[in-house]
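# An overview of the molecular structure
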Amino acid sequence: MTTDTTGTAARDGEPRRGGPADSPFVRACRREPGPHTPVWFMRQAGRSLPEYREIRANVPMLESCRRPELVTEITLQPVRRHGVDAAILFSDIVVPVAAAGIDLDIVPGTGPVVAEPVRTAADVERINPIGRDDVSYVDEAVRLLVAELGDTPLIGFAGAPFTLASYLVEGGPSRTHAKTKALMYGDPELWHALCARLAEVTLAFLRVQVDAGVSAVQLFDSWAGALSEADYRRYVLPHSAHVLAGLAGAGVPRIHFGVGTAELLGAMGEAGADVVGVDWRTPLDVATRRIGPDKAVQGNLDPAVLLAPWPVVEAAVRRILDEGRAAPGHVFNLGHGVLPETDPEVLTRVVALVHELSARPAA
Ligand code: CP3
């Protein structure tokens, strides 16, 4: 059930005035005008912040995701430091998969590593459904954060079935996704069974976050760009659409993001997104033509540009804001996550620049 005690929009009514549902970020997601173009950064929590490295010293990644006070502090760090328009919950896409019973770890410098890769029907059976009690630490962290954040919206997130399946089938990160595709093409029935299970886990994980008060959700299908549009539509879209449709009545915008998805942007919008995330390869005006007029876009500064001298960064920010004006709503972001070597000062300057260049007089 959706309540209106969270600052999110009521199911049928107008968004409540004030609070995160009326923030520049949520307004842009809804394609409503706001005081400025909102900005946040994928992977803003952690990565480049010294205060993050300090607090995470000696706490393994998965364990830190299960400590609500630590999650709260890490999530707030980039909001305090940069003045971004939204917080993103500190967690990981494999957290719900671990809660579903899969033995895995997040190895520093590598990413998720699965003890026994999932390749048979019996393996798929090992992925259990999850509910709030299995991820109570996430419920608790979101509630703590919503109370701390006031008018600043909190973004919840989860991994989409394809990206999660890739980690589970490969057993870890993969450049080619060869084993994943071998299963997908070689045993479509098993593939669909795997993705259907993962879609239920993902949907349950997002519902816990929505019920606890997040103001938007982002579905990360980071590796979907490995597929052709035809294969994406056949093997992946129905499962991601199931997740997004399951949240259609939740009253929070749904962002759908992947990397290298120039050919998939239309399909990723059709899957049921309110906002489509775009990487740096596709200019936002071109992306908008592919996605259509009824969705906002998010992106799309190349994270590597942040390593260049400031005039280069500034020119890129200006260009992206210009290209974003073609869209019915624009949330400024990177085209993928913050690189660990990024100078945090540059992120702070980008936030100020986006706000300054996009400021609109009060309506
Ligand atoms: O955006 C945020 O700031 C919120 C936190 C967040 C993390 N992971 C924390 C994290 C989010 C949104 C994610 C999502 C995630 N995790 C994705 C989708 C986004 C993307 O980048 O495409 C993916 C594919 C993963 C899987 C994963 N987990 C990878 C590839 C890695 C990086 C491995 C490494 O060390 O380079 C992780 C680990 C991870 N997730 C870290 C953090 C802060 C680093 C762990 C550490 O500090 O020890």
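Residues numbered from 1 in each chain as written. Predicted model: local features only at pLDDT ≥ 70, side-chain atom pairs only at ≥ 80, totals over all residues. Heavy atoms only, no water.

## Side note on the overall build of the protein
- Within the protein, the regular secondary structure consists of 15 helices and nine strands.
- Taking 21 Å as the expected radius of gyration for a compact globule of 363 residues, we find that the protein reaches 19 Å, a close match to that expectation.
- A principal-axis box enclosing the C-alpha atoms of the protein has dimensions of 60 × 45 × 40 Å.
- Buried residues in the protein amount to 58% of all 363 residues.
- A sequence separation of at least 24 residues applies to 72% of the contacts in the protein between residues at least 6 apart.
- Total accessible area on the protein is roughly 14,200 Å²; 52% of this is exposed by carbon and sulfur atoms.
- Side-chain charges in the protein split into 35 positive and 45 negative, and the spacing between the mean points of these groups amounts to 3 Å. (Helix = DSSP H or I, 4+ residues; strand = E, 2+ residues; numbered from the N terminus. Rg over C-alpha atoms; globule rule 2.2 N^0.38 Å. Buried < 20%, exposed > 50% of the residue type's maximum accessible area, 1.4 Å probe, protein only. Contact = heavy atoms within 4.5 Å. Areas by Shrake-Rupley, 256 points an atom, 1.4 Å probe, with all protein chains shown as cover. Lys, Arg positive; Asp, Glu negative; His and termini not counted. Charge placed at Lys NZ, Arg CZ, Asp CG, Glu CD.)

## Some details on the pairing of strand 4 (residues 154-159)
- Burial analysis of strand 4 places six of its six residues in the buried class, the great majority of the element.
- Of the two faces of strand 4, the one lined by Leu-154, Gly-156 and Ala-158 and the one lined by Ile-155, Phe-157 and Gly-159 are each fully buried.
- When strand 1 (residues 87-88) meets strand 4, the two strands line up parallel, connected through two bridges. Each bridged residue has a counterpart across the sheet, and for Ile-88 the counterpart in strand 4 is Ile-155.
- Note: strand 4 against strand 5 (residues 216-220), five bridges, orientation parallel. In the strand pairing of strand 5, Gly-156 is matched with Val-217. (Pairing = 2+ DSSP bridges.)

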